[in-house]
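# A structural walkthrough
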Amino acid sequence: MPVLPGAEPYRHEGGEVGVLLCHGFTGSPQSLRPWAEYLAGRGLTVSLPLLPGHGTRWEDLQVTGWQDWYAEVERELRALRERCTDVFVFGLSMGGALTLRLAAKHGDEVRGIVLVNPANKVHGLAAYALPFGRHLLPTTKGITSDIALEGSKEIGYERVPLHAAHSMRRFFQRLDRELPQVTQPLLLLHSPQDHVVPPADSARILSRVSSTDVTETILEQSYHVATLDHDADRIFEESYAFIGRLAPSVGKEGTATGG
């Protein structure tokens, strides 16, 4: 199937500091494209892959699972590690969960992580209905474009395939046990008004990780897809400053000069 216009993956060859960005469930790289381009414009090497089953039609996502999504970002991490001295991983929503697992499994290969409204659990009745309901009903209402900024739209599916949602739920359960293995510096930005992922998920993550260098930022003006919302510039700037603090060569001549 052809990729939806605007949902294509994005890569930029820059300096020796790399960033891997992970988009969310039923979304696409479009939700993180402005962030990726901001970082690329400051000379960083950037990889923003399209997760399997995403960016085409919901039927393609229905036949994939968390192992497929995680394998894709893990491949991209290895590719960045081959050419970069420091690699950071950023993620939105379920992409934040993928980011956390990369951090838990790859240790020092991940220099630091940035999470925006990360997901950690499927809440409410849906969590109990998924194991059985997915065999009776193929999809439910979509979750894209939870954005406060008027005119801003997320490219993603209008339906949520329930087999894939069930796989995501199993992934969250597994990841929750792995969170204590996360030790990297962490910047977590989350929205109090989020109609997709409640703030409780961010609180749970912060309570479970073993990171000691932790910064929490509240995004008062944005909903779930904050990277396309009122606080987008703040996310971009704070994440770049986070990289600069941990990889001091960023911003100096010869390292961050790409365009």
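Before reading further, recall that the structure is shown in the block above.
Residues numbered from 1 in each chain as written. Predicted model: local features only at pLDDT ≥ 70, side-chain atom pairs only at ≥ 80, totals over all residues. Heavy atoms only, no water.

## Considering the packing of aromatic side chains
In this description, a pair of aromatic rings is defined by centroid distance and the angle of the planes. Here is the rule: Side-chain rings of Phe, Tyr and Trp, where Trp is taken by its six-membered ring, are said to pair if the distance between their centres is within 6.5 Å; with planes under 30 degrees apart they count as stacked, over 60 as edge-to-face, and otherwise as tilted. We count a stretch as a helix when DSSP gives it H or I for four or more residues in a row; a strand needs E for two or more, and each element gets its number in order from the N terminus. Only protein chains enter the calculation, and the probe is 1.4 Å; a residue is then buried if its accessible area is under 20% of its type maximum, exposed if over 50%, and partly exposed in between. Placement of a charge over a ring requires the Lys NZ or Arg CZ to be within 6 Å of the ring centre, with the centre-to-atom vector within 35 degrees of the ring normal.
Inspection of every chain in the model, using the stated rule, returns eight aromatic pairs. Summarising the aromatic geometry, the rings of Trp 35 and Phe 236 are spaced 6.4 Å apart at their centres and angled 20° between planes, so their arrangement reads as stacked. Of this pair, Trp 35 sits in helix α1 (residues 33–41) while Phe 236 sits in helix α8 (residues 232–246), placing them 201 residues apart in sequence. You can call Trp 35 buried: its relative accessible area is 0%. Consider the rings of Tyr 38 and Tyr 240, whose centres lie 6.3 Å apart with planes at 85°: the pair is edge-to-face. Here Tyr 38 is found in helix α1, whereas its partner Tyr 240 is found in helix α8, with 202 residues between them in sequence. With a relative accessible area of 17%, Tyr 38 lands in the buried category. What links up through ring pairs into an aromatic cluster is the set Trp 35, Tyr 38, Phe 90, Phe 236 and Tyr 240. The positively charged end of Arg 42 is found above the aromatic ring belonging to Tyr 38, 3.6 Å away from the centroid. The lysine or arginine in question, Arg 101, covers the ring of Tyr 70, its NZ or CZ lying 4.8 Å from the ring centre.

## Some remarks on the sheet that holds strand β1 (residues 10–12)
We apply this condition: DSSP calls a pair of strands paired once it identifies at least 2 bridges connecting them. Note on geometry: axes are C-alpha line fits, over the in-contact stretch for helices, and angles between N-to-C directions span 0 to 180 degrees. Residues count as neighbours in contact if any of their non-hydrogen atoms are within 4.5 Å of one another.
Within the open sheet, the seven strands sit side by side as β1-β3-β2-β4-β5-β8-β9. Their pairing is mixed. Taken across any chain shown, the strands that pair with only one partner, and hence form the sheet edges, are β1 and β9 (214–218). Pairwise comparison of adjacent strand axes, ignoring direction, gives a mean angle of 15° for this sheet. Strand direction decides the pairing type here: strand β5 (residues 112–116) and strand β8 (residues 186–190), joined by four bridges, are parallel. Bridging from a neighbouring strand, Val 114 pairs with Leu 187 of β8. Taken strand by strand, helix α3 (residues 66–83) contacts β1, β2 (17–22), β3 (45–48) and β4 (86–92), and its axis lies near 170° from that of β2. Contacting β5, β8 and β9, helix α7 (residues 199–208) runs over the sheet at an angle of about 165° to β8.

## Regarding the environment of Asp 229
We count it as follows: Polar contact criterion, stated in full: a pair of N or O atoms within 3.5 Å, where within protein one must be able to donate a hydrogen and the other to accept it, and residues adjacent in sequence count only if both atoms are side-chain atoms.
One can find Asp 229 in the loop between β9 and α8. Separated by 198 residues in sequence, Asp 229 and Ser 31 have C-alpha atoms that sit 10.0 Å apart. With residues up to four places along the chain from it excluded, the contact list for Asp 229 reads Asp 146, Ile 147, Ala 148, Leu 149, Gln 221, Ser 222 and Tyr 223. A distance of 2.7 Å separates a polar atom in the side chain of Asp 229 from the backbone nitrogen of Ala 148.

## Some details on the packing of α3 against helix α6 (residues 162–178)
Rules: The scheme is simple: roughly parallel for angles under 35 degrees, roughly antiparallel for over 145, roughly perpendicular for 65 to 115, oblique for anything else. Think of it as three bins: nonpolar holds Ala, Val, Leu, Ile, Met, Phe, Trp, Tyr, Cys and Pro, charged holds Asp, Glu, Lys and Arg, and polar takes everything else, Gly as well.
Axis separation between α3 and α6 bottoms out at 8 Å; the angle between their running directions is 65°. In terms of orientation, α3 and α6 fall into the roughly perpendicular class. On the side of α3, the interface is formed by Trp 66, Gln 67 and Trp 69, while α6 contributes Ala 164, Ser 167, Met 168, Phe 171 and Arg 174. Here the residues of the contact of α3 with α6 are counted per class, giving five nonpolar, two polar and one charged.

## Concerning the nonpolar core
The test is simple: What is meant by a nonpolar core is a set of buried Ala, Val, Leu, Ile, Met, Phe, Trp, Tyr and Cys residues, joined one to another through side-chain atoms within 4.5 Å.
Counting 42 residues, the largest nonpolar core has Phe 25, Trp 69 and Leu 100 as its most contacted members. Those elements giving two or more residues to this core turn out to be β2, α3, β4, α4 (94–106), β5, α6 and β8. Judged by nonpolar contacts, the second largest core, of 34 residues, contains Ala 36, Leu 48, Ile 243 and Leu 246.

## Structural notes on the pattern of salt bridges
Where we set the bar: Only one rule defines a salt bridge in this text: a Lys or Arg side-chain nitrogen within 4 Å of an Asp or Glu carboxyl oxygen.
For the structure shown, the criterion picks out 13 salt bridges. Arg 101 is the partner of Glu 178 in a salt bridge, and the nearest nitrogen-oxygen pair spans 2.9 Å. Placement of the pair is Glu 178 in helix α6 and Arg 101 in helix α4, with a sequence separation of 77 residues. In this pair, the class of Glu 178 matches that of Arg 101, namely buried. Here Glu 178 and Lys 105 are joined by a salt bridge, their closest N and O atoms 3.6 Å apart. One end of the pair, Glu 178, is in helix α6; the other, Lys 105, is in helix α4, with 73 residues separating them in the sequence. Given the relative accessible area of 7%, Glu 178 is considered buried. Where salt bridges share partners, they join Arg 101, Lys 105 and Glu 178 into one cluster.

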